[in-house]
Amino acid sequence: MQRLQQQLDKIDGRGYKAYKQLSGDYFYDNFRIHVDHIQGDPFAQPSRISIYVPRATHGLPAELWSSPCRQTALEDFLGRAVAAAIDQHVQGHRGTGHSGQIRIAISGQQILRRNAVLIHQDGIEARLLIALPADGRRALGQEAATMFCVELPKVVDAGLCYRERSLENTWQHVEQAEDQDYLRDWLDQAGAIAFVANGSILPRFSGINDRPLENGIPFLSPASLIREIELPNRGTISGMLIPRGITLIVGGGFHGKSTLLQALERGVYNHLPGDGRELVVTTPGAVKIRAEDHRSIHRVNISPFINNLPGGRDTTCFSTENASGSTSQAANIIEALECGCDCLLIDEDTSATNFMIRDQRMQQLVSPDKEPITPLLHRIRELYRDRGVSAVIVTGGSGEYLSVADRVIQLDNYQPQDVSEQARNIAGDPPVSEHPLSPWPQADRPLEAKRLDANRPPKGIRIDVREKVLLDFGRKRINLSQVEQLVDCGQSEAIGWLLHYCRERYADHPGGLIKALRQSLSDAETRGLDILPPWKVGHLALPRLYELAAAANRIRTTDRTTRP
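Below or above, wherever it landed, is the structure these notes cover. (Residues numbered from 1 in each chain as written. Predicted model: local features only at pLDDT ≥ 70, side-chain atom pairs only at ≥ 80, totals over all residues. Heavy atoms only, no water.)

1. Examining the sheet that holds strand 25 (residues 463-466)
Inference 1: If you trace the three strands from one edge of the open sheet to the other, you get 25-26-27, paired in antiparallel fashion. Lying at the two open borders of the sheet, with one neighbouring strand each, are strand 25 and strand 27 (476-479). Direction aside, neighbouring strands of the sheet carry axes that sit 20° apart on average.
Inference 2: In this sheet, strand 26 (residues 470-473) lies alongside strand 25 in antiparallel orientation, the contact comprising four bridges. Bridge assignment links Val-465 to a residue of strand 26, and that residue is Leu-471.
Inference 3: Where helix 12 (residues 489-506) meets the sheet, it contacts strand 25, strand 26 and strand 27, and its direction lies at approximately 155° from that of strand 25. (Pairing = 2+ DSSP bridges. Helix = DSSP H or I, 4+ residues; strand = E, 2+ residues; numbered from the N terminus. Axes fitted to C-alpha atoms, helices over the stretch in contact; angles between N-to-C directions. Contact = heavy atoms within 4.5 Å.)

2. Quick notes on unusual backbone geometry
Inference 1: The omega torsion of the bond from Pro-457 to Pro-458 falls at 0°, within 30 degrees of zero and hence cis.
Inference 2: Mapped onto the fold, Pro-458 is located in the loop between helix 11 (420-427) and strand 25.
Inference 3: Look at Asn-215: it is not a glycine, yet its phi comes out positive at around 65°.
Inference 4: Along the chain, Asn-215 turns up in the loop between strand 12 (209-212) and strand 13 (226-231).
Inference 5: Residue Glu-467 is not a glycine yet carries a positive backbone phi of 55°.
Inference 6: With respect to the helices, strands and loops of the structure, Glu-467 is situated in the loop between strand 25 and strand 26.

3. A closer look at the nonpolar core
Inference 1: One finds Phe-305, Leu-344, Leu-376, Tyr-401, Leu-499 and Leu-517 to be the most contacted residues of the largest nonpolar core, which totals 82 residues.
Inference 2: Ranked by residues supplied to this core, first place goes to helix 12 with eight residues.
Inference 3: When residues no more than four places from it in sequence are discounted, the contact partners of Leu-499 are Leu-452, Phe-473, Ile-478, Leu-517, Leu-548, Ala-551, Ala-552 and Ile-555.
Inference 4: Counting 58 residues, the second largest nonpolar core, distinct from the first, contains Tyr-16, Ile-38, Ala-139 and Cys-161. (Core = buried A, V, L, I, M, F, W, Y, C linked by side-chain atoms within 4.5 Å. Buried < 20%, exposed > 50% of the residue type's maximum accessible area, 1.4 Å probe, protein only.)

4. Examining the state of the cysteines
Inference 1: A complete count under the given rule lists zero disulfides for this structure.
Inference 2: No disulfide involves Cys-161; its sulfur sits 17 Å from that of Cys-149, the nearest cysteine.
Inference 3: With no disulfide of its own, Cys-341 lies 6.6 Å from the sulfur of Cys-343, the closest cysteine sulfur.
Inference 4: Looking at Cys-341, the relative accessible area reads 5%, which means it is buried. (Disulfide = S-S within 2.5 Å.)

Purely spatial values, then, with no claim about function.
This is the structure we're talking about:
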């Protein structure tokens, strides 16, 4: 640390590029840092450093990371501890631009596999962003010395050193994630697609704040759907089990239908202690499906839902740059099935009405030969019977789906009631399709490597994320705003690098697009996220295959030059 102090003394008052001299290793009393990258000016992306804490210093027992689940949870816990220490010990803004800020890429209510903190047998590595301070273009070496030599040691001590400190919160974080994984794995043997524990708090604080609503009404399962399970750490819990099949969520407006569905959407991820959804789990193959006007569709077989288009246009290999609501929703289902989806999550509020239903009066007015759409209503039972794909559908305005449902859950003031028997009494006969039903697609779509080109000459590879949902990928921008189970900017950027990696490693994969993407994701899971970018970063988070494929499927065929 003394050598670093001396260098910063020499840099003080010089031009900003003098900071480039800091690259390399620096040793402190109980840890060391490596300066991985120095920013070019105070307005550029912050500099990147890695902190290495040896095992003898951090004092965490190996049992805390003895399985992949525990390791991911422990790394998440440490990242959040570092973030809290930064808030407590770092002054923050110190001059021009972002000067003085220190950050770590940990956020949200979900526990994701990241590369912000990595723990292994020898110790802990934490990767931070540090905005080196400046006054205009002049380096503030003394301020930087305070950051490196005063604030940073406090952050490391508070966030990464646990000798002779209580590990109660650490164990709670790890064991809770382990319980969630166990509960999610149990769904398959229970013949179910979701479980919502009694006492869960499902409402969120606001539309832009994913924390639990204060004084939210605790969830309580209907007696007919309640099940108990003993978890490895928490012990016996009870809650609502949603079996495989077709489940409707009904009720009046503002009574919690969409809130329950949103909890099920996020149930594919583990959550933090105190989130309220810690024991809400959904099968890993659950995918939220919605209409998505104007999205790009490339060579998708949408014929199970859309056929006989005017002009005889082929729908077995359909492409468009400007999809309608019904066409996009059909493509979203087919693309999810390609990835192995075993449960569709659908809310009528975000669906195309003409894709969901076609009532008898409209059938009388518009003859079948003039209507190319086969509504989901006519295929949802067959999809479960023949493909084993369950569905959870929120509906409040149409009773047509009652005739195809296995169970109906009514939300009344955020409390569920099993009204399946009443629904069967009024449902009537299941609908009969007006059209012959087209077979479900079987062939894998080919991987077209040129579509996964992230190069943007003359700058080389361009992969940037804007506002979590806009991915600048080479000359194109991929809009992921309607991919609703994407929860973190780090996932979006990792998706960009995974697409690039897939093109570089698996351009000739014989299995087609989805199998090549699956292999790329498997590589990142096995070998770590660091295999993706050509330089060291600490802000990537692992996505699911469904969101990765969603990005690949939304790449437009026309180039779009993005602004620098």
